[in-house]
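# Coordinate inspection notes
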Amino acid sequence: MAKKVVFLGMGGTIAGKAQNAGDNVGYTAGQVGVQQLLQSVPGLDKAVGDDLPVSEQVCQIDSKDLEHCDWFTLTARVLHHLQMPDVRAVVITHGTDTLEETAYWLSRALPGKMLNQKPVVLTCAMRPASSLAPDGPTNMADAATVACFQGARGLLVVCAGKIFEAAHVQKVHPYRVDAFDAGEAGPLGVVEEGSVRLLFNWPNADALRPGLDCAQLQARGLPRVEVLLNHAGASGAIVRSLLNPVEGDAPVRGIVVAGTGNGTIHKDLEAALQLAQRQGVRVVRVSRCAYGCVVGSAAADGAFAHYGLSAVKARIALMLDLVEAT
Ligand code: SIN
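Residues numbered from 1 in each chain as written. Predicted model: local features only at pLDDT ≥ 70, side-chain atom pairs only at ≥ 80, totals over all residues. Heavy atoms only, no water.

## So, the site of the ligand
Neighbouring the ligand are Gly 12, Thr 13, Tyr 27, Asp 62, Ser 63, Gly 95, Thr 96, Asp 97 and Ala 125. In this structure, an oxygen atom belonging to the ligand sits 3.3 Å away from a side-chain N or O atom of Asp 62. The separation between an oxygen atom of the ligand and a polar side-chain atom of Ser 63 is 2.6 Å. Coverage of the ligand by the protein amounts to 95% of the 250 Å² it exposes when considered alone. Residues that form the shell around the ligand fall into these classes: two nonpolar, five polar and two charged. (Near = heavy atom within 4 Å. Polar contact = N/O pair within 3.5 Å; in protein donor to acceptor, adjacent residues only side chain to side chain. Areas by Shrake-Rupley, 256 points an atom, 1.4 Å probe, with all protein chains shown as cover. Nonpolar A, V, L, I, M, F, W, Y, C, P; charged D, E, K, R; others polar.)

## With respect to the nonpolar core
The tendency in soluble globular proteins is for nonpolar side chains to be buried as a group. Core analysis: the biggest nonpolar cluster contains 57 residues, and Val 78, Ile 92, Trp 105 and Leu 155 have the highest contact counts within it. Counting residues per element, this core draws most heavily on helix α11 (residues 311-325), at nine residues. There are two domains that each give this core at least three residues, and those are domain 1 (4-198) and domain 2 (223-325). If near-sequence neighbours (up to four positions away) are discounted, Leu 155 is found in contact with Ala 103, Leu 106, Ser 107, Leu 110, Leu 115, Val 120, Leu 122, Phe 164, Glu 165 and Ala 166. If you look at the next biggest cluster of nonpolar residues, it comprises 31 residues, including Leu 44, Val 48, Ala 147 and Cys 148. (Core = buried A, V, L, I, M, F, W, Y, C linked by side-chain atoms within 4.5 Å. Buried < 20%, exposed > 50% of the residue type's maximum accessible area, 1.4 Å probe, protein only. Helix = DSSP H or I, 4+ residues; strand = E, 2+ residues; numbered from the N terminus. Domains from an automatic or database assignment. Contact = heavy atoms within 4.5 Å.)

## Here we look at the pairing of strand β15 (residues 282-287)
In terms of residue burial, β15 counts as a mostly covered element, since five of its six residues are buried. In the sheet, strand β14 (residues 252-259) pairs with β15 via six bridges, with the strands oriented parallel. Opposite Gly 259, over in β15, you have Ser 287 as the bridge partner. Note on the crossover from β14 through helix α9 (residues 267-278) to β15: the handedness is right-handed. (Pairing = 2+ DSSP bridges. Right-handed = clockwise from strand over helix to strand, strands pointing away.)

## A word on the domain arrangement of the protein chain
Looking at the protein chain, the domain boundaries give domain 1 (4-198) and domain 2 (223-325). Placing the centre of domain 1 and that of domain 2 at their C-alpha centroids yields a distance of 30 Å. On the domain 2 side, the residues contacting the 15 residues of domain 1 number 13 residues. For the domain 1 and domain 2 pair, buried surface summed over both sides reaches about 1100 Å², with 63% attributable to carbon and sulfur atoms. Summed over the three residues of domain 1 that lose the most area to domain 2, namely Glu 101, Tyr 104 and Arg 108, the buried surface amounts to 39% of that side. Applying the counting rule to domain 1 against domain 2 returns five residue pairs in polar contact (both at pLDDT 80 or more). (Buried area = accessible area lost by both parts, 1.4 Å probe.)

## Regarding the sheet that holds β15
On the basis of which strands lie adjacent, the open sheet formed by four strands has the order β13-β14-β15-β16 and parallel pairing. Each edge of the sheet is formed by a strand with only one pairing partner; in this case those strands are β13 (224-229) and β16 (305-306). Its contacts with the sheet place α9 against β13, β14 and β15, and it is angled at close to 155° to β14. On the sheet, α11 packs against β13, β14 and β15 and is oriented at approximately 150° with respect to β14. (Axes fitted to C-alpha atoms, helices over the stretch in contact; angles between N-to-C directions.)

What follows is the structure, encoded as structure tokens:
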């Protein structure tokens, strides 16, 4: 039976426009509607087969400016469509800059059982829609191919012919069209000439995970969690200022520190973080290295919790842990 493939537009470079078609960097993100983008996708008919592509504009934003409320809005729309029996999959067009955060957020926010039945595929572009050679149309075609692939499931990202899993995907280049990587995990698969070649199995979400109550979370607000980076010459001053917010700023509830190497932290910064922890602020240590995560005694010494995620994803995980704890 023919089903719908829903394309949700969030903005980004994929929907960007420059004054001049030769300009791939001086453009404004989030200008072209997702329905118009859909019309420029080569081979969309082949990608969706008998299914019907439909679209909805959720946001029209440069993803560097995304707010938590945009995650809530997107989650509600994805959930709405996934619950429809005649929807096969959801594809989201999104800016590249914070795509990995939205992907990870959705992988935590949506019910595991649902993700194991229908795929949600984020895609993007590094060249604006107005470019002489935009990469968005092909990325959208590849995302549609993945969305309609028999057995596809999970929270996926498709860019430059590669398929990634939300937990591992990371933007690694500010200009190249193949701007994403998944570190040691590598891509889940590739899309070649409109065909999917899987390298690993589709992700399996925890079927018992119910998903987040976004309406309630939005009403309460997510706790403030900041990300700090250890570096030569680091000090505790930034932590001390976080502990003394100016009037009107939310109190900090958590800090993710991206340590050097195996999560090591400058002694002055570490002392300030220990002070923060004694004052009730949850501190999580990750590594600022591109590959791997904190291992061995640094992970087990009990001083700070340790998450095997990138710093920006650890921030989301810590916000959700803090919510759960209250
Ligand atoms: C954005 O993230 O919205 C702009 C940059 C991009 O999509 O590449």
